[in-house]
Amino acid sequence: MGQLVPIQGHDARLREFSHFAFLPDPLPETVQLDGTTWTRVAEASQALGRLQQACATLPNPRLLIAPALAREALDTSALEGTHGALADVLEARLSEQRPPSPEVAEIRAYERIAHTAFDWIKERPVTIAMLSDLQGVLAADSRGTQRDPGRVRQHQVVIGPEGSTVYDARYIPPPPDDRLTAGLELWQAWIDAPHPGLPPVVAAAMGHYQFEALHPFGDGNGRLGRLLIVLQLIRLGALTEPALTISPWLLKRRSEYQGHLLAISQTGRWDPWIDFFCQAVSEQAMLSVGIVDRLNIWVAGVRQTLNERGWHGTIASLVDDLIDWPVISASFVQDKYGVSAPTAKSTIDRLCEIGVLHELTGRSYRRVFGATDVMNAVEDL
């Protein structure tokens with residue numbers, strides 16, 4: 001799968017080292033997989049097809065995209081040790097002010113880069129330049145000091161427990177020289193090229209491994225790599241909307257996830273990783289299909305209640321938008337729908353009356369309200 005190359009220098013604490021790093025070979029055009037792995041591939045491909053159909057039949061794709069992105073933002077950050085509560089992250093959307101905690105700021109930064117990437121991928125391929133820009137956004141809201149933000153790293157990194165030295169690291173990516181640059185250029189060309197012999201789910205699994213093995217940035221590689229899974233599936237035509245969440249499944253199996261990626265470099269065997277990856281895609285795709293059914297039923301029930309009470313106008317528009325914005329405030333309603341403060345308050349009061357909204361903060365001022373049914377659906381992704 002690659003070769004060990006000598007490295008030497010000084011680490012962040014100015015300790016001299018002389019050791020080896022792993023330089024992965026370019027990705028192959030085809031892979032030999034056993035029968036059980038191909039069965040997993042078929043199941044994952046079928047599940048993606050079901051998710052594709054669900055997206056195609058929705059009058060409003062936000063029924064999948066908005067909950068999926070919220071969940072992915074939380075759990076892809078949690079895989080890197082950044083934890084936040086869903087309600088806090090959703091409330092932070094309401095204001096342009098700095099989020100209430102560094103953790104929420106990091107999670108919101110991921111949401112921003114995901115939206116940027118989803119818009120980009122509609123017309124253009126993934127590029128290292130694009131990823132560098134996205135990494136710069138993540139770095140700007142990172143809690144730690146960043147080296148080489150917004151560009152391919154110019155320093156050696158190691159992967160392992162916090163504070164690991166080069167000698168006790170779990171994995172040491174390629175050195176920051178022309179070999180890393182060449183590896184990234186080959187990876188970029190590979191993920192943009194058609195691979196007739198590789199189903200999209202297999203190509204996405206392989207592309208993710210190679211990105212993590214190269215580890216091109218000083219920070220944010222895990223979050224960017226998992227975002228790239230969805231971007232690659234969209235580019236390959238397996239998805240039309242970014243409605244798949246991978247990180248919640250991986251978060252529950254963090255050690256296995258990391259172990260499978262490392263094992264490819266150690267053994268050269270693709271089967272265990274692709275089998276594992278396909279399980280994640282299958283289960284999460286089908287879970288998303290179930291969530292959209294649940295949200296459709298919820299919206300239909302609320303609309304029926306509104307019709308029975310003769311409530312129309314702003315309140316009906318707000319209900320449709322609660323999938324995208326399940327946490328709101330009176331000022332948010334005023335600004336979004338161009339209504340007066342009394343109208344905004346009356347709209348929220350009515351939705352609280354029928355149990356659609358619940359007050360979340362316990363405050364008597366600057367109160368925030370949430371559509372708990374929607375939030376619970378997001379939590380279940």
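Being a predicted model, the structure only gives us computed values, none of them experimental.

**Q** Even after reading the chapter, I still don't get the layout of surface pockets, so can you show me in this structure?
**A** In this structure, the second largest pocket spans a volume of roughly 610 Å³. Counting only elements with at least two residues in the lining of the second largest pocket, the list comes to α3 (86-92), α13 (330-337) and α14 (341-353). With four residues, α13 is the largest single contributor of residues to the lining of the second largest pocket. Tallied by class, the residues present in the lining of the second largest pocket amount to 10 nonpolar, five polar and 10 charged.

**Q** Would you mind showing me how to read the environment of Ala-105 here?
**A** Here Ala-105 is to be found in helix α4 (residues 102-121). Separated by 132 residues in the primary sequence, Ala-105 and Gly-237 have C-alpha atoms spaced 32 Å apart. Ala-105 has contacts with Arg-98, Pro-99 and Asp-141, leaving out every residue within four places of it along the chain.

**Q** Explain the state of the cysteines to me, please; I cannot follow it from the model alone.
**A** Covalently bonding the sulfur atom of one cysteine to the sulfur atom of another cysteine gives a disulfide. Taken as a whole and judged by the stated rule, the model has zero disulfides. No disulfide involves Cys-55; its sulfur sits 19 Å from the nearest other cysteine sulfur, which is in Cys-278. In this structure Cys-55 comes out as buried when scored by relative accessible area, which is 7%.

**Q** Just checking my understanding: could you explain the pairing of strand β1 (residues 2-10) for this structure?
**A** It is a general feature of regular strands that their side chains alternate between the two faces of the sheet. In this sheet, strand β2 (residues 16-24) lies alongside β1 in antiparallel orientation, the contact comprising nine bridges. For Val-5, the partnering residue across the bridge sits in β2 and is Ala-21. Between the antiparallel neighbours β1 and β2 lie five residues, among them Leu-14 with a positive phi of about 65°.

**Q** What's the story with the packing of helix α5 (residues 128-140) against helix α8 (residues 221-235) in this structure? I'm lost.
**A** Helix-helix packing: each pair is described by the crossing angle between the helix axes and the interaxial distance. Relative to each other, α5 and α8 sit at 135°, their axes nearing to 11 Å. In this view, α5 runs oblique relative to α8, as classed from their interaxial angle. Crossing of α5 against α8: the hand is right-handed. Contact with α5, carried on its side by Met-130, Leu-131, Leu-134, Gln-135 and Leu-138, involves Arg-223, Leu-224, Leu-227, Leu-228 and Leu-231 of α8 and no other residues of that element. Its residues assigned to classes, the contact of α5 with α8 shows eight nonpolar, one polar and one charged.

**Q** I'm lost on unusual backbone geometry in this one. Help?
**A** Leaving glycine out, the prevailing phi sign among residues is negative, and the prevailing peptide bond configuration is trans. The backbone phi angle of Asp-148 is positive, close to 55°, even though this residue is not glycine. Mapped onto the fold, Asp-148 is located in the loop between α5 and α6 (178-192). With a phi angle near 45°, Arg-366 is a residue other than glycine that sits in the positive phi range. Along the chain, Arg-366 turns up in the loop between β4 (358-359) and β5 (369-370).

Conventions used here
Residues numbered from 1 in each chain as written. Predicted model: local features only at pLDDT ≥ 70, side-chain atom pairs only at ≥ 80, totals over all residues. Heavy atoms only, no water. 1 Å grid on protein atoms, 1.4 Å probe; cavity = no way out; pocket = protein on both sides within 12 Å on 5 of 7 lines; lining within 4 Å. Points joined across faces, edges and corners; volume = space filled by probe spheres on them. Helix = DSSP H or I, 4+ residues; strand = E, 2+ residues; numbered from the N terminus. Nonpolar A, V, L, I, M, F, W, Y, C, P; charged D, E, K, R; others polar. Contact = heavy atoms within 4.5 Å. Disulfide = S-S within 2.5 Å. Buried < 20%, exposed > 50% of the residue type's maximum accessible area, 1.4 Å probe, protein only. Pairing = 2+ DSSP bridges. Axes fitted to C-alpha atoms, helices over the stretch in contact; angles between N-to-C directions. Parallel < 35°, antiparallel > 145°, perpendicular 65-115°, else oblique. Left-handed = near helix turned anticlockwise from the far one by under 90°.

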